[in-house]
Amino acid sequence: MNFMTALKDAWRRNDSLVCVGLDPEPGRLPAGLSGTEGIFTFCRDIVDATAGQVCAYKPQIAHFAAQRAEDVLERLIAYIHETHPGIPVILDAKRGDIGSTAKHYATEAFDRYGADAVTLNPYLGHDSIAPFLDRADKGVILLCRTSNPGGKDFQALDCGGQPLYLRVAETIAREWNGNGNCALVTGATWPEELGRVRGVVGDMPLLVPGIGAQGGDVAAVMANGRTRDGTGLMISSSRAILYADSGVNFAEHAHRAAEEMRKFVNSFRL
Ligand SMILES: O=C(O)c1cc(=O)[nH]c(=O)n1[C@@H]1O[C@H](COP(=O)(O)O)[C@@H](O)[C@H]1O
């Protein structure tokens, strides 16, 4: 199914703007789980426990690749599609390279891993993103104003009277979104900037990491980022949900943390 349609359906069906980030850390797996099989079991149990609470999942590729667990990532995404159909999977890979290489990254994300959307770095410009944009059924989620402290080093630089991140947002909304498959990353730690981005991109979906472990403010994100119909956001949290508890009942605690976050976000929806 088309990523944008699947996302809108999941917002409605699960009444949720919450995205759970799947960032397995070998040193934080619950007792009894280890190795690449432990990573699969951990992520699978988190997914099964939270599938009713989310609008998307976002596995982060380095957390798998660093453990030589790319095959686990492939299996996990296939598992999500089979067991919880209709929940879009965003591969967080932040790719960006010249066109001839980018086409292989597009094949990797969409055909090897079977992701519905991928995060990308727009720094190399339009031709580096074209192989992804051409996949009209897939989501192309571009870094705009990232959540980390150093995000401002380049993103806030003056670009003809406006910060670079706003110019990025405008260009993507006006010139790159011919297939209607673009979204932007705007960190929860910069809610005012997120509001400025919303002001120039209309109803384009925003992926908003930085809630939970990075201390982002849900109320401010909602006030500045939600669209008129109370959607438009994929508010992502990884560590605060995955590691809500390290005991044998980790999945139950993850369920509770995701449900609390869903309800808290929804309290600011309309
Ligand atoms: O693209 C991302 O997902 C991303 C962009 C950004 O600006 N900040 C950011 O933290 N992320 C990712 O979102 C996740 C945040 O994890 P937590 O801080 O544990 O919720 C990590 O996987 C990051 O790589």
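Note that the coordinates shown come from a computational prediction; the quantities given were computed from them, not determined experimentally.

What counts, and at which threshold
- Residues numbered from 1 in each chain as written.
- Predicted model: local features only at pLDDT ≥ 70, side-chain atom pairs only at ≥ 80, totals over all residues.
- Heavy atoms only, no water.
- Pairing = 2+ DSSP bridges.
- Helix = DSSP H or I, 4+ residues; strand = E, 2+ residues; numbered from the N terminus.
- Axes fitted to C-alpha atoms, helices over the stretch in contact; angles between N-to-C directions.
- UniProt positions renumbered as here; feature names shortened; annotations may be inferred.
- Buried < 20%, exposed > 50% of the residue type's maximum accessible area, 1.4 Å probe, protein only.
- Contact = heavy atoms within 4.5 Å.
- Polar contact = N/O pair within 3.5 Å; in protein donor to acceptor, adjacent residues only side chain to side chain.
- Near = heavy atom within 4 Å.
- Nonpolar A, V, L, I, M, F, W, Y, C, P; charged D, E, K, R; others polar.

1. Quick look at the sheet that holds strand β3 (residues 90–95)
Spatially, β2-β1-β10-β9-β8-β5-β4-β3 is the arrangement adopted by the eight strands of the open sheet, whose pairing is parallel. Each having just a single partner strand, β2 (56–59) and β3 make up the two edges of the open sheet. Going across the sheet, the axis of each strand differs from the next one's by a mean of 30°, ignoring polarity. Of the pairings in the sheet, the one linking strand β4 (residues 117–120) to strand β5 (residues 139–145) comprises four bridges and is parallel in character. Of the residues in β5, the one forming a bridge with Val118 is Val140.

2. A word on the UniProt feature "active site" (unreviewed entry) in the protein
UniProt records the feature "active site" (unreviewed entry) at Lys94, using the numbering of this structure. Taking the relative accessible area as the measure of exposure, Lys94 reaches 41% and is therefore partly exposed. With near-sequence residues (within four places) excluded, Lys94 lies in contact with Gln60, Thr119, Leu120, Asn121 and Leu143. A polar contact is formed between the side chain of Lys94 and the side chain of Asp92, at a distance of 2.9 Å.

3. Description of the site of the ligand
Surveying the vicinity of the ligand reveals 16 residues, the closest of which are Asp23, Lys58, Ser147, Ser238 and Arg239. Side-chain polar atom of Asp92 to an oxygen atom of the ligand: 3.1 Å apart, as the coordinates give it. Within the side chain of Ser147, a nitrogen or oxygen atom sits 2.7 Å from a nitrogen atom of the ligand. Class assignment of the residues belonging to the shell around the ligand gives a composition of four nonpolar, seven polar and five charged.

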